[in-house]
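Next come the chains, spelled out residue by residue.
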Amino acid sequence: MIKYLIITTVPALFILASVIWLIVALVRRSRSRKVAGGLVVVEIAILVVLYFHWFAPKEFPRNYLNDAQQSSQTLAEAATAKGFYIGAAIGNPSMPSYANLVPKEYNSITPENATKWRQMLVDGKIGEYDFTQADAIVDYAVANGVRVRGHTLVWGKFSGRTYPKELDERIASAVDPAAELRQVMRDHITTVMTHFKGRIKVWDVVNEPMSMDGPYLDKHIYLNTLGKDYIAEAFQIAHEIDPSVQLFINEQFGNYTSEGVEVFFDLLKWLQEENVPIHGVGVQAHNIFKTHNLDEFRQFMNRVTELGLLFEVTEFDARIRLFDAAEDPYQAQADYITEYARICIENPNCIGFTFWGLSDAGTWFDYVPPFSSMLPNDPLLFDINLHAKPARAGIIEALESRR
Ligand code: 9MR
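Residues numbered from 1 in each chain as written. Predicted model: local features only at pLDDT ≥ 70, side-chain atom pairs only at ≥ 80, totals over all residues. Heavy atoms only, no water.

Looking now at unusual backbone geometry. A cis amide bond links V102 to the next residue, P103, at an omega of 15 degrees. Residue placement: P103 occurs in the loop between α4 (96-101) and β2 (108-111). In this structure, E208 takes a positive phi of about 45 degrees despite not being glycine. Within the secondary structure layout, E208 lies in the loop between β4 (202-207) and α8 (221-226). On the basis of relative accessible area, E208 is assigned to the buried category, the value being 11%. A positive phi angle is found at L386, which is not glycine, with a value near 65 degrees. Residue L386 is classed as partly exposed on the basis of its relative accessible area of 25%. (Helix = DSSP H or I, 4+ residues; strand = E, 2+ residues; numbered from the N terminus. Buried < 20%, exposed > 50% of the residue type's maximum accessible area, 1.4 Å probe, protein only.)

So this is what it looks like as structure tokens:
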């Protein structure tokens, strides 16, 4: 996040400074006005090129619409036959695509936001829950025999959006902040897991423990108050409440060989040495600014499974503009998605692959800047008209060969 701010703010300040320089030079009729003018012209030229490369709306041929859908089974059927989960995040339970694609194509869902702490609270008040939206999503899935991944019990990023802002104030003014946070965390996990008991059988207990800025644990309210014990304690509490639930740690890596990856593995090993009841690792796999190296992804997954842990890809998407140099971007995107999923499907410890949205009509990229100005994003498996994109056939094929 800080890196992104630096990348955007430093050039903006530089451009502002050169424009101010030009204005002052023009007013004073100083000789430097030519240099300043030249600099501003070069900057404008760079901005125009960048605009056309990144921001101007583009359209790519949709050759896949000519292909007949040949598979004899749906995605969900192929997945269920091999004990695998193909999932999608559900934003809004009343989206028609929910009933259209679940349970036919997806045999697993994840509430995109509805089971986050802040989203389940009335006016952000700690302890006052309203489960209406979460229940609507979860009950539909359960009634249709679809697995639900709960997302997420403990997440220290984005105060006021993912966890209640009141928590910051409460911990800052507590006589014993550590005891207070422990109690609030226990109450929250207990209330939520008890409410969904029997319906949600796998939870992302801790989400994104790593910092986005460097190879260390994120320095947020939980880490600052409890140290890394917060992670162990969250898992222990969740296990006490329902020992039959699979408990995952969920993280995003843009690069599967970074220093941060080693810190993450140290964390996993520490949790195991402490006999913490952790069952699996989820990687989000958002392909945001670049695609991932798939050999490195495979090696990363193999390292996780060598620790005896389960593995899932929990939030996959890959923006179509990452493939705009290809002759057929939608086909290139499909090849990439299929390969990513195949690597996972081939590993017996990998039990699921979830897309972060049902179709291209419901992707977070379309409402979060700067991606909302970089259309199309189209990062998912079905297009906005719910036509299957070609990765669907590739994934079915990969599932059929799963042992
Ligand atoms: O897609 C989600 C978006 O609607 C929310 O505003 C945002 C903050 O709660 O979270 C998005 O989902 C994130 C997920 O919970 C964790 N990994 C990154 C996802 C995309 O930002």
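Disulfides are covalent bonds that link the sulfur atoms of two cysteine residues. One pass over the full model with this rule turns up 1 disulfide. C344 shares a disulfide with C350; S-S distance 1.9 Å. Assessed through its relative accessible area of 0%, C344 is described here as buried. (Disulfide = S-S within 2.5 Å.)

What follows concerns the pattern of salt bridges. Overall, the coordinates contain 19 salt bridges when judged by the stated rule. For D378, the salt bridge identified is with R62, shortest N-O distance 2.8 Å. Of the two residues, D378 is situated in the loop between β9 (350-355) and α13 (391-400) and R62 in the loop between α2 (33-55) and α3 (75-81); the sequence distance between them amounts to 316 residues. According to the relative accessible area criterion, R62 is partly exposed, its value standing at 29%. With its nearest N and O atoms 2.7 Å apart, the salt bridge here joins D360 to K389. Of the two residues, D360 is situated in the loop between β9 and α13 and K389 in the loop between β9 and α13; the sequence distance between them amounts to 29 residues. Residue classification places D360 among the buried positions, given a relative accessible area of 0%. A relative accessible area of 3% places K389 in the buried class. (Salt bridge = Lys/Arg side-chain N within 4 Å of Asp/Glu carboxyl O.)

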